[in-house]
Amino acid sequence: MAPRGLSWISVSLLIFMASSSFIAARSARAPKTADPTNGFTAVSLDESNFALQRPFDEASGARYSFDGTVRKLWVLSSDKPHARQSHTSPRTEIRMEGYDYSSGVWQFEGHGYVPSGTNGVSIMQVFGAGETATTLMLHVYDGALRYYDRQLVEDDVYDRWFRLNVVHDVRASTLTVYIDGKQKLHVHGRGGDSHYFKFGVYAQNHASRRMESRWKGVRILKKD
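Residues numbered from 1 in each chain as written. Predicted model: local features only at pLDDT ≥ 70, side-chain atom pairs only at ≥ 80, totals over all residues. Heavy atoms only, no water.

(A) Structural detail: the layout of surface pockets. Here the largest pocket is characterised by a volume of approximately 210 Å³. Around the largest pocket sit 18 residues that line it, and Thr 134, Met 137, His 139, Tyr 148 and Gln 204 are the ones nearest its centre. Among the secondary structure elements, those contributing two or more residues to the lining of the largest pocket are strand E7 (121-127), strand E8 (134-141) and strand E14 (196-203). Among the elements that line the lining of the largest pocket, the one with the most residues is E8, at four residues. (1 Å grid on protein atoms, 1.4 Å probe; cavity = no way out; pocket = protein on both sides within 12 Å on 5 of 7 lines; lining within 4 Å. Points joined across faces, edges and corners; volume = space filled by probe spheres on them. Helix = DSSP H or I, 4+ residues; strand = E, 2+ residues; numbered from the N terminus.)

Pasting the structure below:
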């Protein structure tokens, strides 16, 4: 029974208030995930830093659009390379110019979107390495984002916006990938004397007929 002088409503209210205080205290003690951009400073970017690479026989508007907020890049598996003398696979990518780096700790940030049906494609890369062309590539296979065609980085990326942060520590030769602020991958680098960031669509093995990715809020940051 309720203590003398207290109604059942009063007792229930006291229990509710005590439970709420306990939950609030636990939340205050819970560790918070640090933002991956903490300790970094964004560099200054304008449109001259966003250099488009597209099939050499296509006009830029045939494979790329930018409405001032969202950059949409697409390519067909039957398209030509980005340069007449190139023998690489079809791509429509943006190469971030003006901030090539060979030392320090650098970060790429962007919000990406991959429509369902896009498959067998690289959507972001850190270019430059010792024995190979790239130090990191993020591929999409069957809706999953992977480190090259290997480790799973994030499942089910189709048809949703996700925040991507890639941190490259040149001296330590490490790369760390965050999705929506959470660390998803930490791998060793591949050497190389110069690096830069790229994003878009670049056909890989088992590419779909049409490949597309969309991007907004792209930034480059450097460790303070």
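Structure shown, so let's carry the discussion forward.
(B) Seen up close, the pairing of E14. Of all eight residues that make up E14, eight are buried, and the element is covered over most of its length. The alternating pattern of E14 places Tyr 196, Lys 198, Gly 200 and Tyr 202 and Phe 197, Phe 199, Val 201 and Ala 203 on opposite faces, both of which are buried. Bridge count for strand E5 (residues 91-96) against E14 is five bridges, and the pairing is antiparallel. Counted as the bridge partner of Arg 95 is Lys 198 from E14. Where E7 lies against E14, six bridges are found, and the strand directions are antiparallel. Bridging across to E14, Met 124 finds its partner in Phe 199. (Buried < 20%, exposed > 50% of the residue type's maximum accessible area, 1.4 Å probe, protein only. Pairing = 2+ DSSP bridges.)

(C) Representation of the pattern of salt bridges within the structure. Taken as a whole, this structure holds 16 salt bridges when the rule is applied. A salt bridge links Arg 150 to Asp 149; its shortest N-O distance comes to 3.6 Å. Of the charged contacts in the structure, one is a salt bridge between Arg 160 and Asp 180, with a shortest N-O distance of 3.5 Å. Remark: Asp 180 occurs in the loop between strand E12 (174-179) and strand E13 (182-188) and Arg 160 occurs in the loop between strand E10 (152-154) and strand E11 (161-169); sequence separation between them is 20 residues. Salt bridges linked by common partners bring Asp 35, Glu 109, Arg 163 and Arg 219 together as one network. (Salt bridge = Lys/Arg side-chain N within 4 Å of Asp/Glu carboxyl O.)

(D) Main features of the packing of aromatic side chains. Here the structure, examined in full by the defined rule, presents 10 aromatic pairs. Taking 6.4 Å as the distance between ring centres and 50° as the angle between the ring planes, the aromatic pair formed by Tyr 99 and Trp 106 counts as tilted. Exposure remark for Trp 106: the relative accessible area of 8% places this residue in the buried category. By way of ring pairs, the aromatic residues Tyr 99, Tyr 101, Trp 106, Phe 108, Phe 197, Phe 199 and Trp 215 are connected into one cluster. One cation-aromatic arrangement involves Arg 91 over Tyr 202; the distance from NZ or CZ to the ring centre is 4.0 Å. Above the face of the Tyr 196 ring, Arg 95 is positioned so that its terminal group lies 3.5 Å from the ring centre. (Phe/Tyr/Trp six-rings, centres within 6.5 Å; stacked < 30°, edge-to-face > 60°. Lys NZ or Arg CZ within 6 Å of the ring centre and 35° of its normal.)

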